[in-house]
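Spelled out, the chains give:
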Amino acid sequence: MRDEGAQAVLIVCAGRTFFAGADISEFGKPFEGPDLKAICDLIDSSTKPVIAAIHGTALGGGLEVALACHYIVAVPSAKLGLPEVHLGLLPGAGGTQRLPRIVGVETALDLIVSGKPISARRALDLGIVDHLASEAVLRGDAIAFSATVVGKPLVRTRDRDDKIAAARGRPEIFAEYRAANAKAFRGFRAPEAIVQAIEASVTLPFEAGLEREWELFKQLESSPESLAQRYYFFAERETARIPDVQKDSVTLPIASVGVIGAGTMGGGIAMNFLSIGTPVTLVETSQEALDRGIAVIRRNYDASARKGRMSTDEVERRMALITPALTIDALADVDLVIEAVFEEMSVKKTIFAELDRVSKPGAILASNTSFLDLDEIAAATGRPEWVIGLHFFSPANVMRLLEVVRGAKTSVEVLATAMKLARTIGKVPVLSRVCEGFIANRIMKRRQDQADALVLEGPSPAEIDRALYDYGFALGPFRMIDLVGLDVIGRSATERSVVGDLVALGRFGQKQGGGYYDYDADRRATPSAVAADVIADFAVSRGIEAHGGLPAEAILERLLFPVVNEGAKLIEEGIALRASDIDVAAILGYNWPVYTGGPMFWADSVGLPHIVETLRRLEAEHGAAFAPCDHLVALAEAGRSFTRE
Ligand code: NAD
């Protein structure tokens, strides 16, 4: 840095924000200069104080630059964070070495491993920010602050030892942190590397720590986990792109919403709108059902208030936005209606015919149906272009996936509005055309079908669940059924099934009597001899001969390759726009492990020729359910992939 008589250097950015971090598309390619680490080094070693003045979002590399400065000034609305972990990476320009020296090891671990941004005020409390500036005059305030530090001895973060000295005396801190978070870290590579980098800040001199950090960064950068997570980062944003919907398409204002049905889904759906301050008219068939539904909403908000996530005033404000009603006529003036009643075509058709009668012109009429034909529902109205599917996932106030179902006649304007609205309520919209189960449920049904079939052939529920757990799913399909309840899962079954036989024995799942597993008082699952007998008995009734266990890899091929094949069919049929949309639906809707990239990205990693070959073998052994579809075969034969071009 040239010294031309300046007494201090102020780094302040024009526009919306301070440096907001790296250009993510640069990862994995040779970085274009200048090297951020060198910049941080230059700042750090300046003989004049360097002050960062932050507004907007100082994230990732942006915050690393600020951390290298001798002082940080920020406006209260600024956000600071190191979110690299979400891309399977770590801050590679000194962040893991400087932050612990400023805030101590425990806080640095929390901030970098969670990747969550913090407010400027919290950063002030933690000692990251030295001075809060006023929103309107950041530059002027920062200059005034600079004047107060000129001439003071310069303290470089690299030379600070006070905050990390404590950890030096308690090296087990890292082992404890790993043990406490083992479950959350499972399958991910970045959290462990971050712990190691922060450990290096304590055990190594600053320069050596920087080298260790860079070494770990490079390892992560080329890891399959980070490649998958970076792919996913873009995939989640890509879902918004629809060929015939322009970015600036006209959208309709949604100032009020009606929800029909205040059951499991209706209540959660309503909460999404209450949370953004949109009034909701909630329609039920009886006062009891209405009261019950509203009480559940209140319980949810009260629980958030108890955890300190919102004030009790806010709870009341949201509850006051609900207008309860016992007739659809109450929806005459709302801009959007979302129907969430029983999954029965006749009920839905009656409701949509009524909506057609009462709704104002220009109202969007949406159904939350999971499996029914949206076009048939739309045909019950005289305005099918205003009908759309909004398929929420349960719990609807929590799950981020929203499948936006485009009917044959849905207008572009209605579609554009729904896609935009999804983002407004914090969801990730994935576009689907009409088919049974849409995207996530349709592909994952293939996994369930094969789990149900395979369990009759010898591998136990525990072996099958274990294989999927080790792959990265939180729960295997049988643990999941036990959790949801066998009575719920088997409700619509028309023929004899293992689930039905278990229910007949009073086995309703984890909540009562056990299910595929037995449960102790602490709800710990152990393999069940009774369930094993029921399964064996059912297999005999079907003439299926059990032949013992299977290696985990064979279980995964049997259960997950059909999912990939179904995904390929969705593209072939034009139900899904692109393979990455299917990955987003699987990851957000079914907790498919994000570090695999989702079924389609994973399939590309496995290799499509291997998948086709395996499906053909399974087809020969077990029948047509495994026949690879034309699209999959064509890609494999052409040496192409779903996601890598
Ligand atoms: P639910 O049984 O919990 O709730 C349905 C509610 O609708 C009940 O409270 C019932 O009283 C009410 N209702 C029935 N007929 C009505 C009418 N004519 N007018 C007003 N209210 C009426 O069901 P749910 O699980 O919330 O499912 C609702 C819809 O959401 C279904 O189409 C289902 O397929 C879909 N869905 C469910 C889930 C899930 O996981 N539960 C997920 C996605 C979509």
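Residues numbered from 1 in each chain as written. Predicted model: local features only at pLDDT ≥ 70, side-chain atom pairs only at ≥ 80, totals over all residues. Heavy atoms only, no water.

Caption draft 1: View of the domain arrangement of the protein chain. According to the domain assignment, the protein chain consists of domain 1 (9–222), domain 2 (257–438) and domain 3 (483–541). A straight line from the C-alpha centre of domain 1 to that of domain 3 covers 51 Å. (Domains from an automatic or database assignment.)

Caption draft 2: The packing of aromatic side chains, seen in detail. Under the criterion given, the structure shown has 15 aromatic pairs. With a centroid separation of 5.1 Å and an interplanar angle of 5°, the aromatic rings of Trp214 and Phe217 are classed as stacked. Here the residue Trp214 and the residue Phe217 both occupy positions in helix 11 (residues 206–221), the gap between them amounting to three residues, near one helical turn. Owing to a relative accessible area of 29%, Trp214 belongs among the partly exposed residues under this scheme. Given the relative accessible area of 4%, Phe217 is considered buried. Relative to Phe234, the ring of Phe233 has its centre 5.5 Å away and its plane inclined at 90°; by these criteria the two rings are edge-to-face. On the basis of relative accessible area, Phe234 is assigned to the partly exposed category, the value being 40%. (Phe/Tyr/Trp six-rings, centres within 6.5 Å; stacked < 30°, edge-to-face > 60°. Helix = DSSP H or I, 4+ residues; strand = E, 2+ residues; numbered from the N terminus. Buried < 20%, exposed > 50% of the residue type's maximum accessible area, 1.4 Å probe, protein only.)

Caption draft 3: Molecular detail of the pairing of strand 14 (residues 401–406). Of all six residues in strand 14, six are buried, a share of seventy percent or more. Burial of strand 14 is two-sided: the residues Leu401, Glu403 and Val405 facing one way and the residues Leu402, Val404 and Arg406 facing the other way are all buried. Of the strand pairs in this sheet, strand 13 (residues 387–392) and strand 14 are connected by four bridges, and their pairing is antiparallel. From the neighbouring strand, Leu390 faces strand 14, where its bridge partner is Val404. Of the strand pairs in this sheet, strand 14 and strand 15 (residues 428–433) are connected by six bridges, and their pairing is parallel. The partner of Leu401 across the bridge, within strand 15, is Val428. For the handedness criterion, the β-α-β arrangement of strand 14, helix 18 (residues 412–424) and strand 15 is classed as right-handed. (Pairing = 2+ DSSP bridges. Right-handed = clockwise from strand over helix to strand, strands pointing away.)

Caption draft 4: Highlighting the pattern of salt bridges. Taken as a whole and judged by the stated rule, the model has 45 salt bridges. One salt bridge in this structure joins Glu225 and Arg189, with 2.9 Å as the shortest N-O distance. One end of the pair, Glu225, is in helix 12 (residues 224–238); the other, Arg189, is in the loop between helix 9 (182–185) and helix 10 (190–203), with 36 residues separating them in the sequence. By relative accessible area, Arg189 is classed as partly exposed at 40%. Residue Arg442 pairs with Glu573 through a salt bridge whose shortest N-O separation is 3.0 Å. Here Arg442 is found in helix 19 (residues 440–454), whereas its partner Glu573 is found in the loop between helix 25 (552–572) and helix 26 (579–590), with 131 residues between them in sequence. The class of Arg442 is buried, set by a relative accessible area of 11%. The class for Glu573 is partly exposed, based on a relative accessible area of 44%. Bridged by salt links that share partners, the residues Arg442, Lys445, Arg446, Asp449, Glu566, Lys569 and Glu573 form one connected network. (Salt bridge = Lys/Arg side-chain N within 4 Å of Asp/Glu carboxyl O.)

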